[in-house]
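Report on the structure
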Amino acid sequence: QHPVNGTLFTRLQEGELAENLDAVYAEDINGNTVYQYTSNATAGVQVDGSKITYTNLFPYADLSYTQGSDGRKLDLVINSQQFLNNLPANAQFLVLKEKITLPNGWTVLENEHGLNVYAAGKWMANFPQPIATETISPLKSYENDADLMVNGEVSKSLNGNVLTVYTKFPINWLRHSS
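Residues numbered from 1 in each chain as written. Predicted model: local features only at pLDDT ≥ 70, side-chain atom pairs only at ≥ 80, totals over all residues. Heavy atoms only, no water.

Take the side chain of Glu19 next. Here Glu19 shows up in strand E2 (residues 15–27). In this structure, Glu19 is in contact with Gly6, Thr7, Leu8, Thr10, Tyr65, Arg72, Glu98, Lys99 and Ile100, ignoring residues within four places of it in sequence. (Helix = DSSP H or I, 4+ residues; strand = E, 2+ residues; numbered from the N terminus. Contact = heavy atoms within 4.5 Å.)

So, about the pattern of salt bridges. A full pass over the atoms with the stated rule returns 5 salt bridges. With a shortest N-O distance of 2.7 Å, Glu14 and Lys122 are connected by a salt bridge. With a gap of 108 residues between them, Glu14 in the loop between strand E1 (8–12) and E2 and Lys122 in strand E11 (residues 122–128) connect regions that are remote in the sequence. A salt bridge links Lys168 to Glu27; the nearest nitrogen and oxygen atoms lie 3.1 Å apart. Residue Lys168 is located in strand E15 (residues 162–170), and its partner Glu27 is located in strand E2; the two are separated by 141 residues in the primary sequence. (Salt bridge = Lys/Arg side-chain N within 4 Å of Asp/Glu carboxyl O.)

Turning next to unusual backbone geometry. Only a minority of non-glycine residues have a phi that is not negative, and only a minority of peptide bonds are not trans. The phi angle at Asn56 is positive, at roughly 55°, despite the residue not being glycine. Considering the arrangement of structural elements, one finds Asn56 in strand E5 (residues 51–58). Of note in the backbone geometry, Ala120 takes a positive phi value of approximately 50° without being a glycine. Along the chain, the position of Ala120 falls in the loop between strand E10 (114–119) and E11.

Before going further, it helps to examine the confidence of the model for the protein chain. Across the protein chain, the average pLDDT comes to 84, with 87% of residues at or above 70. Mean pLDDT values for the elements of the protein chain range from 66 in helix H1 (residues 145–148) up to 96 in strand E3 (residues 33–36). (pLDDT = per-residue confidence, 0-100.)

Here we come to the environment of Arg11. Mapped onto the elements, Arg11 comes out in strand E1. A distance of 2.6 Å separates a polar atom in the side chain of Arg11 from a polar atom in the side chain of Glu16. (Polar contact = N/O pair within 3.5 Å; in protein donor to acceptor, adjacent residues only side chain to side chain.)

The next point concerns the packing of aromatic side chains. Under the definition given, this model contains 4 aromatic pairs. Ring geometry for Tyr37 against Phe83: centres 4.2 Å apart, planes inclined by 5°, an arrangement best described as stacked. Of the two residues, Tyr37 sits in the loop between E3 and strand E4 (44–48) while Phe83 sits in the loop between strand E7 (71–78) and strand E8 (93–101), which places them 46 residues apart along the sequence. The exposure class assigned to Tyr37 is buried, which follows from its relative accessible area of 8%. Considering the side-chain rings of Tyr54 and Tyr65, the 6.5 Å spacing of their centres and the 90° angle between planes classify their relative orientation as edge-to-face. (Phe/Tyr/Trp six-rings, centres within 6.5 Å; stacked < 30°, edge-to-face > 60°. Buried < 20%, exposed > 50% of the residue type's maximum accessible area, 1.4 Å probe, protein only.)

This is how it looks when you write it as structure tokens:
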């Protein structure tokens with residue numbers, strides 16, 4: 001299934017999670033959407049063990065899901081600086097908006113490790129705190145691990161059993177040297 005136009009399923013003994021990447025967009029400093037990325041209608045699919053990658057899902061970007069024993073990790077892989085070229089000058093944050101439908105009765109709690117999902121009080125999965133890594137920009141120097149990564153922000157809303165997760169990263173960190 002296409003992760004933007006379709007639904008991805010994670011099946012656990014206790015129930016099934018259905019999710020899709022609802023949007024990728026840029027926000028200004030006030031939280032207004034200033035640019036909306038459009039996904040390609042077709043994307044290549046590569047499966048490697050517990051990882052599935054949708055190549056060229058967006059122009060110059062891939063999307064990967066990695067399933068671990070402790071939860072699921074989502075990576076937006078920007079393959080070229082051209083991914084950022086069409087953004088207006090006032091774009092401050094890159095935002096990934098995911099919608100995850102949880103089985104009835106499941107709950108979500110947030111802590112320093114991210115979002116934790118529970119079924120009847122039993123821990124089921126973790127959606128980890130977001131971290132962006134970057135290693136190929138000619139505009140950056142990489143003298144230590146802190147130069148390679150930046151923490152993102154995560155926020156959520158829960159409407160019935162639909163969890164919406166917003167992951168936000170500073171665009172200037174990707175554009176400029178540290």
